Amino acid sequence: MKANLTSIISALTRQRGVRGSLLVDETDGVIIDATLHVGMKGPAFAALAASLYRKARLSADAAGLGGVTFLRLRATEGHVCAAGKNEMVLVIIADARANIGLIRMEMLKALERVAI
Amino acid sequence: MADEIRRFSEELARDPASPVYLQLGEALRRGGQLDLALKVALRGLERHPHQADAHDLLARIAVDRGELERAFDEWDMVRRIAPAHLGARKGMGYVLFKQGKYVEAQTYLSEASELDGEDETVATALAMVRVKLREADGARGAQGARGAQGAAGPALEHVEHLEHLEHLRLFEEITSEGGEHTALLLDATGLVMAGTYVTQDGRDVAQEVGAELSGVSDEGRRAMRHLGLGDWSSLTVETDAAVVAMAPMRDDALLLVAASKAMPLGLVHRVLDRCVERARTWMKKGGA
């Protein structure tokens, strides 16, 4: 199982412009698995990303918009993308010039393969 | 939500006569599973044909399916079964509003207001209807149609007291162009500063959405700081039924645009940019 998760996460990190990928528990923000470039603060970021995703999910629920399928946070120097399933959140950190359309597709495909 | 649906389904399987079908149907509707929600509601109605809430559920499902006539008929049925049903008046008012029948919409919403004068969603909806009536009246006046002005006149009572509701319409000009979308400006604590967020079934959920999103600006900034990615400029959330795009404003305020999933993401961001500009100007002028 661990090997399977690691290979899925690593494959995402090999996408052009991707600096790191994490699979995070949405409830407590703890990392389930991750592949990050050296120097990235994984645990703190995982907790923040899970919290942000949870907020988005709750507000979508409040507005009657159904489940959240994809989230993208854009900043001046990069992007954070997240997609969730079964209380897990797959998170990607990418450069500003990364192809987010392609990454989005790969993330949604990867999430389908993640099974715990 | 999946757990909730599973729990309600199991309860209904154990006792098919249980009123839990109402909660199950509503959960399915909120999750965008409209065909299933409809099936559950219809099966429930077979067992409970005179249950007002079942017809109310069916009406809300019909609205989500874009079947406004059917929704109106179901709410009419609710009104016959339960004459004091607030949701039916609100729903009928909403359908008529969507159909551009503002005078009739005002009648039902006024009845709803009489049933519950404290309901903020009714007050907001009524204000929006009256603004539309005023606009229609103004347009007719500009065309010199004096007879038509007289017809709309009685419906425009209290319009002079609506100036304080201008903030509700801050983004109306932008959001009324091409497609179904809505915009909302929230302060750092999640309180609504401007705009509205009315769902397809006529509920004003601006306060609920604001409460859930309070602190998003701060969390976005903290996440970006940890990653060294600079200031965040937009947050886009795709859901089963819609796309919601947000942008940070000064003082940790948040601007939100929600659009139909059918609207291209690029267009959603253009609408967001225009709303940001409008909100900035409004805030500079002392709107906040």
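Here is a short report on the structure shown in this document. (Residues numbered from 1 in each chain as written. Chains lettered and ligands numbered in written order. Predicted model: local features only at pLDDT ≥ 70, side-chain atom pairs only at ≥ 80, totals over all residues. Heavy atoms only, no water.)

Re the overall build of chain A
Next up, step 1: What chain A contains, in helices and strands, is 3 helices and 5 strands.
Next up, step 2: In chain A, the order of α-helices and β-strands from amino to carboxyl end is α-β-β-α-β-β-β-α.
Next up, step 3: Here chain A holds 116 residues, and the buried ones make up 51% of them.
Next up, step 4: Within chain A, counting contacts between residues at least 6 apart in sequence, those at least 24 apart form 51% of the total.
Next up, step 5: Carbon and sulfur atoms provide 54% of the accessible area of chain A, an area that totals close to 5,100 Å². (Helix = DSSP H or I, 4+ residues; strand = E, 2+ residues; numbered from the N terminus. Buried < 20%, exposed > 50% of the residue type's maximum accessible area, 1.4 Å probe, protein only. Contact = heavy atoms within 4.5 Å. Areas by Shrake-Rupley, 256 points an atom, 1.4 Å probe, with all protein chains shown as cover.)

Focus: empty space enclosed by the protein
Next up, step 1: By the definition in use, this model includes 3 cavities of 30 Å³ or more.
Next up, step 2: Taken together, 13 residues make up the lining of the largest cavity; nearest its centre are Ala56, Ser59, Ala60 and Leu65 of chain A together with Val244 of chain B.
Next up, step 3: Listed by contribution, the elements that provide at least two residues to the lining of the largest cavity are helix H2 (42-62) of chain A together with helix H11 (206-213), strand S3 (232-239) and strand S4 (242-248) of chain B.
Next up, step 4: The element that contributes the greatest number of residues to the lining of the largest cavity is H2 of chain A, accounting for 3 residues.
Next up, step 5: Here the second largest cavity defines a volume of roughly 50 Å³.
Next up, step 6: As for the second largest cavity, its lining consists of Phe45, Leu48, Ala49, Leu52, Tyr53, Leu71, Leu73, Val80 and Ala82 of chain A together with Ala223 of chain B.
Next up, step 7: Elements represented by at least two residues in the lining of the second largest cavity include exactly H2, strand S3 (68-75) and strand S4 (78-85) of chain A. (1 Å grid on protein atoms, 1.4 Å probe; cavity = no way out; pocket = protein on both sides within 12 Å on 5 of 7 lines; lining within 4 Å. Points joined across faces, edges and corners; volume = space filled by probe spheres on them.)

Structural notes on the sheet that holds strand S1 (residues 18-25) of chain A
Sheet strands line up and pair through hydrogen bonds in the backbone, either parallel or antiparallel.
Next up, step 1: Read across the sheet, 10 strands follow the order S2(A)-S1(A)-S5(A)-S4(A)-S3(A)-S3(B)-S4(B)-S5(B)-S1(B)-S2(B) without closing on themselves; strand pairing throughout is antiparallel. Strand pairing shows two members of the sheet lacking a second neighbour, strand S2 (31-36) of chain A together with strand S2 (192-195) of chain B, which therefore form its edges. Each adjacent strand pair in this sheet contributes to an overall mean axis angle of 15°, direction not counted.
Next up, step 2: In this structure, S3 of chain A lies alongside S3 of chain B, joined through 7 bridges in antiparallel fashion. Considered in S3 of chain B, the bridge of Arg72 of chain A is made with Thr236 of chain B.
Next up, step 3: This element, helix H12 (residues 216-227) of chain B, spans S1, S3, S4 and strand S5 (88-95) of chain A together with S3, S4 and strand S5 (254-260) of chain B of the sheet and lies at about 115° to S3 of chain B. (Pairing = 2+ DSSP bridges. Axes fitted to C-alpha atoms, helices over the stretch in contact; angles between N-to-C directions.)

Re the side chain of Glu26 of chain A
Residue and element names in this part refer to chain A.
Next up, step 1: Checked against the element boundaries, Glu26 lands in the loop between S1 and S2.
Next up, step 2: The class of Glu26 is buried, set by a relative accessible area of 5%.
Next up, step 3: Leave out the neighbours within four places in its chain, and Glu26 touches Ala50, Tyr53, Arg54, Arg57, Glu87, Met88 and Val89.

Section: the pairing of S4 of chain B
All names here are of chain B.
Next up, step 1: Of all 7 residues in S4, 6 are buried; the element is thus mostly enclosed.
Next up, step 2: Pairing of S3 with S4, which is carried by 4 bridges, proceeds in the antiparallel orientation. In the strand pairing of S4, Thr236 is matched with Ala245.
Next up, step 3: Hairpin geometry of S3 and S4 is characterised by an intervening segment of 2 residues between the two adjacent antiparallel strands.
Next up, step 4: Connecting S4 to the next strand, S5, in antiparallel fashion are 5 residues, including Asp251 with a positive phi near 60°.

A word on unusual backbone geometry
Next up, step 1: Here the phi dihedral of Glu87 of chain A falls at roughly 60°; this positive angle occurs in a residue that is not glycine.
Next up, step 2: Position of Glu87 of chain A relative to the elements: it lies in the loop between S4 and S5.
Next up, step 3: Positive phi is not limited to glycine here, since Asp252 of chain B has a value of about 65°.
Next up, step 4: On the secondary structure map, Asp252 of chain B appears in the loop between S4 and S5.
Next up, step 5: A relative accessible area of 28% places Asp252 of chain B in the partly exposed class.

Comments concerning the interface of chain A and chain B
Next up, step 1: Chain A puts 37 residues into the contact, and the matching count from chain B is 39 residues.
Next up, step 2: In terms of surface lost to chain B, no three residues of chain A exceed Leu48, Lys55 and Leu65 of chain A, which account for 20% of the buried area on that side.
Next up, step 3: With its nearest N and O atoms 2.6 Å apart, the salt bridge here joins Glu238 of chain B to Arg104 of chain A.
Next up, step 4: Run the count over chain A and chain B and you get 11 residue pairs in polar contact (both at pLDDT 80 or more).
Next up, step 5: Elements supplying a minimum of two residues to the side of chain A that touches chain B: H2, S3, S4 and S5 of chain A.
Next up, step 6: Of the residues forming the side of chain A that touches chain B, the biggest block, 12 residues, is contributed by H2 of chain A.
Next up, step 7: Among the residues making up the side of chain A that touches chain B, the classes are represented as 19 nonpolar, 9 polar and 9 charged. (Buried area = accessible area lost by both parts, 1.4 Å probe. Salt bridge = Lys/Arg side-chain N within 4 Å of Asp/Glu carboxyl O. Polar contact = N/O pair within 3.5 Å; in protein donor to acceptor, adjacent residues only side chain to side chain. Nonpolar A, V, L, I, M, F, W, Y, C, P; charged D, E, K, R; others polar.)

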